[in-house]
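# A look at the structure
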Amino acid sequence: MAQKILIIEDDQFLRELYEELMTSEGYVVETAADGEEGSKKALAGGYDLLVVDIMLPKKDGLDILRDLKAKGSKKPNGKIVLLTNLGQDAVVKEGFSLGAAGYLIKSALTPDQVLHEFRTFLAKE
Amino acid sequence: MEIAAPELNILFVVLLLSVVLIIFLLFQHRKNKEIQEYIDDLAEKKKILSALWKIQQIIVESLEFREVVQRVANAVLLELGQYGYVIIVLSLVDEAKRVLKRISISETEQAKEALKFTPIPFSEIEIPLDADDNYCVKALREKKVVVTNRLSDLLAPVISEHLADRAQEAAGIKTSIVFPISSKEDSKVIGVLIFSINKGEQEITLYEKEIMRGFADAVGITVQNAQLYTSLEETKEKLEVANEKLKELDVLKDEFVSVASHELRTPMTAIKSYLWMALAGKGGDLSDKLQKYLDRAYISTDRLIKLVNDMLNVSRIESGRIEFSRQGADMHYMAEDVAEEVRSRADELGLLISAQMVKELPMAFCDYNKTKEVLMNLVGNSLKFTPKGGKITISFAVRDGMVETSVADTGKGIAPNDIDKLFKKFGLIEQGHFTTTTPSGSGSGLGLYISKNLVELQGGKISVKSEEGRGSTFTFSLPIATDKQIHEFGIYDPQKAIREEIGPGGAGIIPTAHLWEHPTKRVTIDN
């Protein structure tokens, strides 16, 4: 069964790029463009990987993690990866304490490197 | 009756003695009188001195200008009032308006009462500095004490003679003495102190005049100090305002920088990513022309991103917002790490890159990621400036408690005049960094400046040796990690660091030395 991924990223172009990258590799991708929608979907659960941008409108990435920690998702989720554009180091640190398994710096990775990273997180365990 | 000779003698002696005694007593009396005079004199001097002391106290106690001069005037009058001093006025020069302005006035009660009946608004009198007839102006100009028995001389042309005469009579003023007050510093006359007395000029003793001069001097010092203090206060206030503004600007700058960090990078990442996808063939085959156009757009975006990142890094360095997580670091490992990362680029350029190991190289105490940025910068520069077939060698040394890392290349070298400019902001060598079209793109002119700061902030030094046409060797040093430091902070562990550490650049450094591999030079995504 194909693995399911949730991508929460507010920039349309980047969001669609990541979606395209994963879809073309056979993954099932769902997306959310803001923190509220993202939180709802994350809480519904059932994803093998959650890709969460830190800076989001309506609710930021860390708050989504807080929601998950507080309420727990209906269906279990796999790993959480944070997306950052740098300059948010303290925030990323907090992300780890809230359950993130890793982080990616969007501007430093080529599309194939992004794909590689996502797959690495999906592969563990 | 017969007086016996011996009795006569005794009588004579007694008479003589009495005379002597009388003379002696007279003499004593005169002496006593003199002594008493001295005593009275001393008592007076003591009073004046104590009055002067009170003035000193005022000067010391409070520096608020108006308060001080008023208190001084009051104190002076208190001391001199008994001598018939009726009014004491302090007038200072107002340079802007070119007038003598009454600053403070001290009057005895009688004077105050008397003057009520004559409508002279003393406090509002402003004497123009060009009023030659006015005695106050005269005292100012000639820097001499001026005496007059006519109050009108002091008030012309502002107050009519008639009115001044009436006031003079009412207050019982017989003589007025004007003392110029000068600033000790540049002996500029800053005003006058006027004593108006109910005695005639002849009755005023030389001694009293000296005392008045003493007061005038004391007032001069007071005024000067008070004015200095006031101007200091004003300057301090202005500085505080300026400082607040600077702080605001600094906050705004930081906000801008952090917004730029995020906002600029999103579209930059999107541009670069999609260009990459197109060049990697994800959108289909590309004609040669299209390939070329997209290629150039890609390279330019790369340079743009690097420039922005470099500028943001510089801003952070200069704001002191860079933090270092220092640990024991294996420089051999770092050299290999870097060599691996650039190997494919080096191969493309036909350059050989290698690292020379040193036996038992001690660990350096540094922030691994930031130091790696420095090494990447140096290696990157060598890649840029070494022609095909050349060599880049990373080597090590231990000297003076420091671990030295050197990057030597067989490149173009640097002209001696340019060496000074190297580590400065935008201190570019003429042979156009900005005109380069090498795939790794930009010379922002900031790389070495940033490297220098990163090294120096960690307690090290960076230097260069170069010979035009032969090559350059850049060397940076970092302190050797002591056992205590290794015990406390640990050793950099790449396995642990990759996922848990904060950012590949640590607190704040954006990895600009990282080179995105050109999409068309690389095998595309598996399957």
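Look above for the structure.
Overview of the structure. Given the structure is predicted, the values throughout are model-derived calculations rather than measurements.

### Some points on the sheet that holds strand β2 (residues 28-32) of chain A
Residues and elements named next belong to chain A. Across the sheet, which stays open at both edges, the 5 strands sit in the order β2-β1-β3-β4-β5 with parallel pairing between neighbours. Looking at strand neighbours, the two that pair on one side only are β2 and β5 (102-105), the edges of this open sheet. Each adjacent strand pair in this sheet contributes to an overall mean axis angle of 20 degrees, direction not counted. As paired elements, strand β1 (residues 4-8) and β2 share 5 bridges and run parallel to each other. Paired with K4 across the bridge in β2 is V28. Packed onto the sheet, helix α2 (residues 35-44) meets β1, β2 and β3 (49-53) and runs at close to 140 degrees relative to β2.

### Some points on the packing of aromatic side chains
Tallying each qualifying case throughout the model produces 8 aromatic pairs over all chains. Arranged with centres 6.1 Å apart and planes meeting at 45 degrees, the rings of Y333(B) and Y368(B) form a pair that is tilted. With Y333(B) in helix α10 (residues 331-349) and Y368(B) in helix α11 (residues 368-385), this residue pair connects regions lying 35 residues apart in the sequence. The exposure class of Y368(B) is buried, given its relative accessible area of 3%. Members of the aromatic cluster, joined through ring pairs, are Y333(B), Y368(B) and Y492(B). Taking the ring centre of Y47(A) as reference, the NZ or CZ of K4(A) above it sits at 5.0 Å. Sitting above the plane of the Y135(B) ring, K138(B) keeps its charged end 4.5 Å from the centroid.

### So, the packing of α2(A) against helix α3 (residues 61-71) of chain A
Residues and elements named next belong to chain A. Packing of α2 against α3 leaves a shortest axis separation of 9 Å and a crossing angle of 30 degrees. One element, α2, and the other, α3, form an angle in the roughly parallel class. Pair α2 / α3 crosses with right-handed handedness. Residues G35, G38, S39, A42 and L43 of α2 form the contact with α3, whose participating residues are I64, D67, L68 and K71. Its residues assigned to classes, the contact of α2 with α3 comprises 4 nonpolar, 3 polar and 2 charged.

### Some thoughts on the sheet that holds strand β13 (residues 471-479) of chain B
Residue and element names in this part refer to chain B. Read across the sheet, 5 strands follow the order β8-β10-β11-β13-β12 without closing on themselves; strand pairing throughout is mixed. Because the sheet does not close on itself, it has two edges, and the strands there are β8 (352-355) and β12 (461-467). In this sheet, neighbouring strand axes are inclined to one another by 15 degrees on average, regardless of whether the strands run parallel or antiparallel. In this sheet, strand β11 (residues 402-409) lies alongside strand β10 (residues 391-399) in antiparallel orientation, the contact comprising 8 bridges. If you follow V398 over to β11, its bridge partner there is V403. The sheet strands contacting α10 are β8, β10, β11 and β13, and the helix crosses β8 at an angle near 170 degrees.

Rules used throughout
- Residues numbered from 1 in each chain as written.
- Chains lettered and ligands numbered in written order.
- Predicted model: local features only at pLDDT ≥ 70, side-chain atom pairs only at ≥ 80, totals over all residues.
- Heavy atoms only, no water.
- Pairing = 2+ DSSP bridges.
- Helix = DSSP H or I, 4+ residues; strand = E, 2+ residues; numbered from the N terminus.
- Axes fitted to C-alpha atoms, helices over the stretch in contact; angles between N-to-C directions.
- Contact = heavy atoms within 4.5 Å.
- Phe/Tyr/Trp six-rings, centres within 6.5 Å; stacked < 30°, edge-to-face > 60°.
- Buried < 20%, exposed > 50% of the residue type's maximum accessible area, 1.4 Å probe, protein only.
- Lys NZ or Arg CZ within 6 Å of the ring centre and 35° of its normal.
- Parallel < 35°, antiparallel > 145°, perpendicular 65-115°, else oblique.
- Left-handed = near helix turned anticlockwise from the far one by under 90°.
- Nonpolar A, V, L, I, M, F, W, Y, C, P; charged D, E, K, R; others polar.

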